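Single-letter residue listing:
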Amino acid sequence: MKRQTKKILLIAAAALAILVLVAGLIMLLRKDSFGDNYFTRNKAVATVNGTKITKNEFAASLSNYYNNIDTYNMYAMHYGYGKYYDVSSETGMRDLKKDILNNLIESEAFIQMGKELGITLTAEEQSAVAQSAKDALTNLKDQILESAKSSGAQNPETYATTMLANYFSNIGINQKTFLKRSEHSALAEAYAEKIQEHFAAERNVTEAELKDIYAEYAKTYYEDAYVEGAYAQNTSYLAMGYTDIPYLYIPEDFVFVQVIQTSDADKAGEILAKVQEGEDFETYRASDDNESETGKAQTILAIGEKDSPFDGAVYDRAKDMNVGDVDMVQVATKDSDGNDTAAYYIVKRAEGTTGIVPYEEVKAVIDDTIKSYAENNYYTEQIEAWRDKANIVVDEDVIQAFDPAK
């Protein structure tokens with residue numbers, strides 16, 4: 001009887017072991033929202049010196065960006081943050097996939113490069129990295145809890161716990177993996193910052209170099225990049241205090257002027273008569289009589305035929321004036337109610353030099369910028385040199401086959 005009982009127990013234990021094994025296999029083969037099971041989601045889509053970036057890491061990063069593409073594109077278009085992707089086109093989607101993967105590769109590269117350079121994080125910095133990962137999880141939980149509350153759930157906390165579990169299950173990870181990835185990202189950012197500091201010190205831009213660096217910078221980002229309207233836009237930013245750096249290139253066909261603008265015909269005539277009789281133009285230009293904030297903010301302005309903060313009639317008149325001449329331009333306008341009115345521009349032709357603005361004129365406001373420009377160029381060169389030497393392998397077929405829209 002004892003032998004029979006022991007045999008039954010052994011059979012039951014074996015059956016239980018088989019059930020556990022089958023259940024485990026089922027879990028491993030269970031597909032996430034990307035269509036991957038445990039084995040395919042952990043397949044490498046890229047390796048950096050042997051360290052792999054998994055398909056799941058890529059899929060989760062790409063899907064997160066894609067699901068918020070309208071917001072990211074809005075920031076790119078209106079504020080210049082990030083890059084615009086037309087994901088309705090094959091080229092746009094390919095670029096997005098390439099950049100998402102490159103960001104993951106770059107994160108791993110920063111960590112490896114930092115260690116190779118002998119860069120270490122202080123205890124405080126390491127603590128900040130760990131805290132950043134915890135904050136990421138806390139923020140995710142808070143977002144899900146707010147969603148649960150807004151859905152009208154009777155017990156939002158319980159519902160949020162379920163939603164969080166489903167979220168992790170759907171993307172094929174658990175809370176531990178989420179924390180690990182968040183910490184890896186924060187660690188990469190910490191190393192990137194210290195690597196940049198390392199190369200800035202190594203580059204050591206000197207005072208003697210600044211003038212030559214300025215010439216390269218102004219040509220690249222102002223002269224070669226010039227488009228109609230760029231000068232006027234920069235002039236407006238100066239007047240509003242958004243920047244203290246003037247546009248560093250003035251096209252050859254521009255003319256230089258001082259401008260007083262008013263909507264009062266009598267006042268315009270009075271000011272014109274007084275300055276033509278010899279009164280100081282500058283006194284009126286800098287006074288509250290000048291309704292143009294742009295004209296009031298800058299002593300001398302350069303304006304082009306299709307690049308001016310003023311009506312085109314101002315340029316048309318100014319280009320035929322001699323230096324020192326003063327004249328008035330009347331432009332028909334409409335007020336906020338649609339009634340006919342007019343703007344009066346009292347224009348004085350001034351002296352100025354076209355081409356790249358001399359370094360000495362802008363040294364006080366441009367030195368920090370061009371120093372950073374030189375340091376960033378050197379930093380970028382070192383990063384690219386490291387990547388050229390690194391063993392980076394990418395599975396392009398898997399990358400391009402993944403569709404975040406599904």
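Quick notes on the rules
- Residues numbered from 1 in each chain as written.
- Predicted model: local features only at pLDDT ≥ 70, side-chain atom pairs only at ≥ 80, totals over all residues.
- Heavy atoms only, no water.
- Salt bridge = Lys/Arg side-chain N within 4 Å of Asp/Glu carboxyl O.
- Helix = DSSP H or I, 4+ residues; strand = E, 2+ residues; numbered from the N terminus.
- Buried < 20%, exposed > 50% of the residue type's maximum accessible area, 1.4 Å probe, protein only.
- Patch = residues over 30% accessible without salt bridge, like charges linked within 9 Å, V, L, I, M, F, W, Y side chains within 5 Å.
- Areas by Shrake-Rupley, 256 points an atom, 1.4 Å probe, with all protein chains shown as cover.
- Contact = heavy atoms within 4.5 Å.
- Pairing = 2+ DSSP bridges.
- 1 Å grid on protein atoms, 1.4 Å probe; cavity = no way out; pocket = protein on both sides within 12 Å on 5 of 7 lines; lining within 4 Å.
- Points joined across faces, edges and corners; volume = space filled by probe spheres on them.
- Nonpolar A, V, L, I, M, F, W, Y, C, P; charged D, E, K, R; others polar.

Draft legend 1. Structural detail: the pattern of salt bridges. Evaluated as defined, the whole model comprises 17 salt bridges. A salt bridge links E90 to R94; its shortest N-O distance comes to 3.1 Å. One end of the pair is E90 and the other is R94, both in helix α5 (residues 90–116) and 4 residues apart, which spans about a single turn. Between E125 and K194 there is a salt bridge, with its nearest N and O atoms 3.0 Å apart. With E125 in helix α6 (residues 123–150) and K194 in helix α8 (residues 175–203), this residue pair connects regions lying 69 residues apart in the sequence. Using a relative accessible area of 28% as the deciding quantity, one classes E125 as partly exposed. Through salt bridges with shared partners, a single network forms among E207, K363 and D367.

Draft legend 2. Region of the structure containing a nonpolar patch on the surface. A surface patch of nonpolar side chains, amounting to about 460 Å² of accessible area, comprises M74, Y75, Y79 and Y81. Relative to the helices and strands, Y75 is located in helix α4 (residues 69–79).

Draft legend 3. Structural detail: the side chain of Q261. Mapped onto the elements, Q261 comes out in strand β4 (residues 255–262). Accessibility expressed as a relative area gives 19% for Q261, which makes it buried. The residues contacting Q261, other than those within four sequence positions of it, are D289, N290, E291, S292, F310, A343, Y344 and Y345.

Draft legend 4. A look at the pairing of strand β6 (residues 326–334). Here 9 bridges tie β6 to strand β7 (residues 340–350), and the two strands are oriented antiparallel to one another. By the bridge assignment, A332 is partnered in β7 with A342.

Draft legend 5. Representation of the layout of surface pockets. Estimated volume of the second largest pocket: approximately 370 Å³. Of all the secondary-structure elements, those providing two or more residues to the lining of the second largest pocket are α10 (230–240) and β5 (301–303). The leading source of residues in the lining of the second largest pocket is α10, at 4 residues. Split by residue class, the lining of the second largest pocket holds 11 nonpolar, 6 polar and 1 charged.

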